[in-house]
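Each chain, written out:
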Amino acid sequence: MIKVSEIAKKKVIDLMQDEGFDANTDYVRVGVKSGGCSGLSYDLKFDKEQKEDDKIFVDNDIKIIVDKKSFLYLIGTTLEYSGGLNGTGFVFNNPNANRTCGCGESFSL
């Protein structure tokens, strides 16, 4: 399960509308890929279609799809949004990460 904070929900809806997506029917695709200063990095984009191996979650009225491989790294993660002095953007609070980089965009297990 992947959770979405209230602030992240509002930002996702705004960004989806700006990019021609509809939060009622389209998805937020969350994934993990190799790279970043800690070894793995998060990938976040919008998608209109689900693939055969995707897992689907709905939290806080946001539809999230995760590919099967990434799901193992993301179980229990909360998607949040930060607009503070340290930077603006989405933040992944991942209980599975043993180490994260300073910018919060990459992690290792």
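A brief report on the enclosed structure follows. (Residues numbered from 1 in each chain as written. Predicted model: local features only at pLDDT ≥ 70, side-chain atom pairs only at ≥ 80, totals over all residues. Heavy atoms only, no water.)

1. Here we look at the packing of aromatic side chains
Inference 1: One pass over the full model with this rule turns up four aromatic pairs.
Inference 2: Residues Phe57 and Phe71 carry aromatic rings whose centres are separated by 5.6 Å and whose planes lie at 15° to one another, so their mutual orientation is stacked. With Phe57 in strand β4 (residues 55–59) and Phe71 in helix α2 (residues 68–74), the pair connects residues that are 14 residues apart, well separated along the chain. Each member of the pair Phe57 and Phe71 is classed as buried.
Inference 3: Between Tyr81 and Phe90, the aromatic rings sit 5.1 Å apart at their centres with planes inclined by 75°, giving edge-to-face as the arrangement.
Inference 4: The lysine or arginine in question, Lys55, covers the ring of Phe71, its NZ or CZ lying 5.2 Å from the ring centre. (Phe/Tyr/Trp six-rings, centres within 6.5 Å; stacked < 30°, edge-to-face > 60°. Helix = DSSP H or I, 4+ residues; strand = E, 2+ residues; numbered from the N terminus. Buried < 20%, exposed > 50% of the residue type's maximum accessible area, 1.4 Å probe, protein only. Lys NZ or Arg CZ within 6 Å of the ring centre and 35° of its normal.)

2. With respect to the nonpolar core
Inference 1: Among the nonpolar cores identified, the biggest contains 21 residues, and Val12, Met16, Val28, Val30, Ile64, Val66 and Leu74 are the most heavily contacted of them.
Inference 2: Going through the elements one at a time, α1 (6–18), β2 (27–34), β3 (40–47), β5 (62–66) and α2 are the ones with two or more residues in this core.
Inference 3: Once residues lying within four places of it in the same chain are set aside, the contact partners of Val28 are Val12, Met16, Leu44, Lys45, Phe46, Ile62, Lys63, Ile64 and Ile65. (Core = buried A, V, L, I, M, F, W, Y, C linked by side-chain atoms within 4.5 Å. Contact = heavy atoms within 4.5 Å.)

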